[in-house]
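# Fold and contact review
The lines below spell out each chain.
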Amino acid sequence: MPLLSASDSTLVLIDFQARLMPAIHEGPALVAHAQRLVAAAGLLGVPVVMTEQNPAGLGGTVPELAGAGPVIAKTSFDACAEGAFLEALAGDGQIVLCGCEAHVCLGQTALTLLAHRRRVAVVQDASGSRRQESKDAAMARLARHGAEIVTTEMVIFEWLRDAGHPSFREALKLVK
């Protein structure tokens, strides 16, 4: 996969839900990284798509991320099973994925996108599971299948590309 491009990316937030996040290892840090990604996407015109797994049972998206983009409710662990999700990702651009749980919903979604020859980057420091070993296994598996494993800062600086970018100073505040 070439460098990420703001003009060719969609940021996808998987299941950052209020009832789920307290059980996720380092949940507050993941939410903070996702907020940075959402802010950078807003600065750079990157579309954002969100999912909620069984919102009747797990509640809605955490308040810190609510409203960042359209929300697709799902019961399937793989978001690609929802037609609305695939419609939101129309085209062949890069998919920047983050969320929960890395070894279940995020993992299954990423693997299906990869099977459909989509370019997928998984933001490691904005993705999590209840147990660290589950996240670690998911990241290793996704990398073996062709996903790029990246960090929040990598995404932001690749989207910017140049310190001369008009949004550079604002974006820099997100990582400091």
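Relevant structure appears above.
A few points on the structure. (Residues numbered from 1 in each chain as written. Predicted model: local features only at pLDDT ≥ 70, side-chain atom pairs only at ≥ 80, totals over all residues. Heavy atoms only, no water.)

## Remarks on helix α4 (residues 105-115)
When you tally the buried positions in α4, you get nine out of eleven residues, the bulk of the element. Every buried residue of α4 is listed here: C105, L106, G107, T109, A110, L111, T112, L113 and L114. (Buried < 20%, exposed > 50% of the residue type's maximum accessible area, 1.4 Å probe, protein only. Helix = DSSP H or I, 4+ residues; strand = E, 2+ residues; numbered from the N terminus.)

## Structural notes on the environment of M139
By the element assignment, M139 lies in helix α5 (residues 132-144). For M139, a relative accessible area of 7% gives the class buried. Measuring from C-alpha to C-alpha, the distance between M139 and I149 comes to 7.1 Å, with ten residues separating the pair along the chain. If sequence neighbours within four positions are ignored, M139 has contacts with A102, V122, Q124, S127 and I149. (Contact = heavy atoms within 4.5 Å.)

## Overview of the pattern of salt bridges
This model, assessed by the stated rule, comprises four salt bridges. For R130, the salt bridge is made with E101, and the minimal N-O distance between the two is 3.5 Å. Highlighted residues: R130 in the loop between β5 (120-128) and α5 and E101 in the loop between β4 (94-100) and α4, separated in sequence by 29 residues. (Salt bridge = Lys/Arg side-chain N within 4 Å of Asp/Glu carboxyl O.)

## What to know about the sheet that holds strand β6 (residues 148-150)
Reading across the sheet, the six strands line up as β3-β2-β1-β4-β5-β6 and stay open at both edges, with parallel pairing between neighbours. Each of the sheet's edge strands pairs with one partner strand only, and the pair in question is β3 (71-74) and β6. Each adjacent strand pair in this sheet contributes to an overall mean axis angle of 25°, direction not counted. Bridge analysis of strand β1 (residues 9-14) against β4 gives six bridges, and the strand direction is parallel. Paired with T10 across the strands is I95, a residue of β4. Each of β1, β2 (48-53), β3, β4 and β5 touches α4; the most contacted strand, β4, lies at about 165° to it. (Pairing = 2+ DSSP bridges. Axes fitted to C-alpha atoms, helices over the stretch in contact; angles between N-to-C directions.)

## Thoughts on the packing of helix α6 (residues 152-160) against helix α7 (residues 168-175)
Viewed as axis vectors pointing N to C, α6 and α7 meet at an angle of 175°, and their least axial separation amounts to 10 Å. It follows from the interaxial angle that α6 and α7 lie roughly antiparallel. In this structure, α6 uses E153, I156, F157 and L160 to contact α7, whose residues at the interface are F168, A171, L172, L174 and V175. Here the residues of the contact of α6 with α7 are counted per class, giving eight nonpolar, no polar and one charged. (Parallel < 35°, antiparallel > 145°, perpendicular 65-115°, else oblique. Nonpolar A, V, L, I, M, F, W, Y, C, P; charged D, E, K, R; others polar.)

## Here we look at the environment of N54
Secondary-structure assignment places N54 in the loop between β2 and α2 (55-58). For the pair N54 and L37, spaced 17 residues apart in sequence, the C-alpha to C-alpha distance is 24 Å. When residues no more than four places from it in sequence are discounted, the contact partners of N54 are Q17, G59 and K74.

## Examining the environment of W159
Take W159: it is sitting in helix α6. On the basis of relative accessible area, W159 is assigned to the buried category, the value being 3%. Spatially, the C-alpha atoms of W159 and L37 are 10 Å apart, while their sequence positions differ by 122 residues. If we skip the residues at most four places from it in the chain, W159 touches L4, S5, A6, S9, L11, L37, A40, A41, L44, V46 and V96.

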